[in-house]
Amino acid sequence: MNKNSSIFFTSLVVLVMAALLFFAGKPIINSMNLGLDLRGGLRVVLQAQEKSGKEVTKDTLQKAVGILRDRVDKLGVKETALYQQGTDRVVVEIAGTSDPEAAVDMLKNTAELEFWDEQGKVLVTGKHLTDAKAQSAGSQSTGEFNVAISFDKVGTKQFADATTANLGKPIAIVLDGKAISAPTVKSAITDGNAVIEGSFTAKEAEELAVLLRSGALPVSLKVIEKRSIGPTLGADSLQKSINAGIVGLIAILVFMLGYYRLPGLVADISLVLYGIVVLGVMALLHSVLTLPGIAGFVLGIGMAVDANVIIYERLKEELRLGKTLVAAIESGYNRAFWTIFDSNITTLITAAVLYFLGTGPIRGFAVTLTIGIIASMAIALYFTKWMLVMFSNFTKNQKLYGI
Amino acid sequence: MHFFIEKRKIFYILSILIILPGLVSLCTKGLNTGIDFKGGSIIQVKIAGNASLADVRSSLKEMKLEKAEVTRSGDEFFIRTNELNQQQTQEVMNDLKTKFKNVEFRSADTVGATIGKELTQKAFLAVFIAALAMLLYITFRFEWKFGVAAVAAELHDILLVLGIFSMFQWEVNSPFIAAMLTIVGYSINDTIVVFDRIRENLKMKRKEDHASLVNRSIMQSLNRSINTVLTCVFALVALLIFGGVSLKYFVVTMLIGFVAGCYSSIFVASPLWYDLHGKE
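Residues numbered from 1 in each chain as written. Chains lettered and ligands numbered in written order. Predicted model: local features only at pLDDT ≥ 70, side-chain atom pairs only at ≥ 80, totals over all residues.

**Thoughts on the sheet that holds strand 2 (residues 40–48) of chain B**
Step number 1: Taken in spatial order, the 8 strands of this open sheet run 3(A)-4(A)-2(A)-12(A)-5(B)-2(B)-4(B)-3(B), and their pairing is antiparallel. Single-partner strands in this sheet number two, and they are strand 3 (80–85) of chain A together with strand 3 (69–73) of chain B. For this sheet, the mean inter-axis angle between neighbouring strands, taken without regard to orientation, is 20°.
Step number 2: Here strand 2 of chain B pairs with strand 4 (residues 76–81) of chain B via 6 bridges, running antiparallel. (Pairing = 2+ DSSP bridges. Helix = DSSP H or I, 4+ residues; strand = E, 2+ residues; numbered from the N terminus. Axes fitted to C-alpha atoms, helices over the stretch in contact; angles between N-to-C directions.)

Dropping the structure here:
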C-alpha cells in the first residue's frame, strides 16, 4: 500500500471512531442497565422455609415465585426483578422505589387467611376464595376501608355452616396467625360473601386484597440477606467512578505516548476503540453495570495495554536486530501471539470461576472482565497490527519507534 | 553476572521476611471479617455538619445498641451491629434524624449467619478451583515444573495480601474475594509472560547454562513486566483517589496484589523454576 492510501485509511478509521464516540456514546451509556449499587434500590434474598409440615420442593418454590410475580404485577411495584436462587431461595430486586423495604415486607407475607371460632379451631381458609376487593367502609367517607371477599362453592358451604354454628358468637379473622378482627356473627351467611373489617387505610386494604387474590404462598419466606442502597449513594458512586475512569485513562494514554512514541499513539487509538467496544457489547448483551463492574472496566484498560506493551517490546527487539520495520512488525507479532494468548487465558479462567461462584455485583465484575479480555485480545491482534502497518507507510524513521 | 539467579537466595529470604509478620498476624489475630462472612448489619449514613463519632455512639447507646461499632470516613458514618430487621433499621434512622440535622440515608445491609458461612466455603472453593485450573493449564501448555513454580509465586502473593489485611485489621468482605481471584489471575498472567520467554529461549538450544538463560529471559521481559504493572497501577490509583469509599479496599487489595504479582514473577517464580529444573 502506498503512502497516500495509508493516510486515507488511517484518517478514515480515526474519523469513524470519532463519529462513533460522538453519536453512539450517549445512546450506549443511556441504554446501559445500571446495577442497584449505582442507581439505588433494594436486593433481598429470601429463604423458603417449610410451612405447616409441607416440605420446600422445587415445585412449591416455583409456585411461590409465580405468586410473588403476580403480586408484583397487581401492586404495580415498578422495576422489580424476581428470581430463584438455588433450590430454596428467592431473590427480589427493586430499583429506585421510594420505600422498597416496605414493598418487600408486604410481598413476602404468606397471606394465609383463616377464620377461627372461639376455641381457635379453623373453620374456613383463604384457599376457597374466588375474589377479594378493597372497598370504602360505610356510606360516610370516614377514610376507613375494608376488604370484601367471595368464596367458591366449597367455601360458601363451609362458611354457611360455620356462621350457623357460631350464631351470636365471634369469629376471628386471622391472617398469618395474627387476628385482624373478630366480628360477632349476627346471622348465618349463606351467599358466600363476607367483609373483612379492620380499619384499614385505602392502601392497606388494596394490598390485602391483592395478597388474598394471588393466594397464600406454599412456603414461608424469611429474609436472610438484605442490601439497600440509597439513591444518593448510587449517584455518588457512579459519578466518582466515571471520574476515576477518565483520570486513569488519561494517565495511561499519556504514559503510552511518552514511552512508546508512534506505536504509543497506535495503542492510544486502540484503547479508545477498546472502550467503545466493551461498553457497546455490554449494552448489546443487556448486561448490568455494577460498581465492581466499573472497577473491572477501568482495570481492563490497564490490562488491555498489556498486549500492546508485549508487542512493542518485541518490535523494539526485532528492530535492534537490524530488521526492517515491516519485517519487525511481522515477526514481533508472531512471537508475541502465544505470549498474549497464554497470559490472557489464565485471567479468563479466573473470570469464569468468579462468574460461576459469585453472586450479584461480583458477577458484574466477572462479566466486564471477560468482555474486556476478549476485546483487548482481538483489538491488539488485528486492529493494532493493521494500524502499525499503516503507520509504517508514513515514516520509516526508527526514532519514532523508540530506538 | 546473572543477577536474578545468583542473588535469588537473598530474594527468597526477603520474600519470607515480608510474608512472615503477616503470617504470624494471620495465626494470632486472624482476619477482620465483615458482615458478609459472619452475619450482621451495617448502616451507612451521611451526617453533614460536625457530628462526632462520640455523638453518634452515645445516640446509639440510648437505643440500646451498645455493641454497635461506629467508624467514619469524612461525613460518612458506618454503623456495624448484630443482625437488625427492617423495623430496627428504620428506628435507628429515625432516631439519628431527630438527633442530627442533615442525616442522609446511604445504605443498609443485613446478612444472615448462614449466608456468611456459605460465602466462606465458596471463597475457599473459588480460590482452590482457580489455582488448580491454572496449574492444569500451565502443565498442559508448558510442563509441570513451570506450573509448580507459578502456583508457588501465586501462593506468595495471596499470603502477602492476606497478611497485610490481617496486620492492619482491614475489613474483609465479598468484594475482597473477587479482588483476590483477580490477583490470582494476574499473578499467573505475569509469570506466564516470563516463562514464555524461558520456553522460547530453551527452544533455541544455544550453548548457554540455565542460570544465564533464565536471567536473560527475565531481562528481556523486564520492561514489559514493569510497564504493564505501571499502567494497571495508574488505573487503580485513579480509582483509589477518585473512586469513593465503597471501592477503597477492593482497589487497595488489587494494588498490593498486582505489585506483588510483578515482583513474584521475577524474583520467585523464575528462580524457583531454575531450582526445580537443575543447572545444566
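That covers the picture; the talk isn't over yet.
**Digging into the pairing of strand 5 (residues 102–111) of chain B**
Step number 1: Across the 10 residues of strand 5 of chain B, 8 count as buried, placing the element largely inside the fold.
Step number 2: Both strand 12 (residues 220–229) of chain A and strand 5 of chain B contribute to a ladder of 5 bridges, which runs antiparallel. Counterpart to Lys 226 of chain A in the pairing with strand 5 of chain B is Thr 110 of chain B.
Step number 3: Inspection of the sheet shows strand 2 of chain B paired to strand 5 of chain B by 9 bridges, in the antiparallel sense. Bridge pairing in strand 5 of chain B links Lys 46 of chain B to Glu 104 of chain B. (Buried ≥ 20, exposed ≤ 12 C-beta atoms within 10 Å, placed from the backbone.)

**Some remarks on the interface of chain A and chain B**
Where interface size is quoted, it is often the accessible area lost as the parts come together.
Step number 1: At the interface, 51 residues of chain A touch 54 residues of chain B.
Step number 2: Element by element, the count of residues in the side of chain A that touches chain B is highest for helix 7 (residues 231–284) of chain A, at 14 residues.
Step number 3: Residue classes in the side of chain A that touches chain B are distributed as 27 nonpolar, 14 polar and 10 charged. (Contact = placed C-beta atoms within 7 Å. Nonpolar A, V, L, I, M, F, W, Y, C, P; charged D, E, K, R; others polar.)

**Quick word on helix 6 (residues 113–141) of chain B**
Step number 1: With 29 residues, helix 6 of chain B should cover 42 Å at 1.5 Å per step; its first-to-last C-alpha distance of 42 Å lies within 8% of that length.
Step number 2: Three or more residues of helix 6 of chain B are buried, namely Ile 115, Gly 116, Leu 119, Ala 123, Ala 126, Val 127, Ala 130, Ala 131, Met 134 and Ile 138 of chain B. (Expected span 1.5 Å × (residues − 1).)

**Side note on the sheet that holds strand 7 (residues 129–136) of chain A**
Residues and elements named next belong to chain A.
Step number 1: The 3 strands lie next to each other as 7-8-11, forming an open sheet whose pairing is antiparallel. Lying at the two open borders of the sheet, with one neighbouring strand each, are strand 7 and strand 11 (193–200). Adjacent strand axes in the sheet meet at a mean angle of 20°, parallel and antiparallel pairs treated alike.
Step number 2: Both strand 8 (residues 145–151) and strand 11 contribute to a ladder of 5 bridges, which runs antiparallel. What sits directly across from Phe 145, in strand 11, is Phe 200.
Step number 3: The sheet strands contacting helix 6 (residues 202–214) are strand 7, strand 8 and strand 11, and the helix crosses strand 7 at an angle near 175°.

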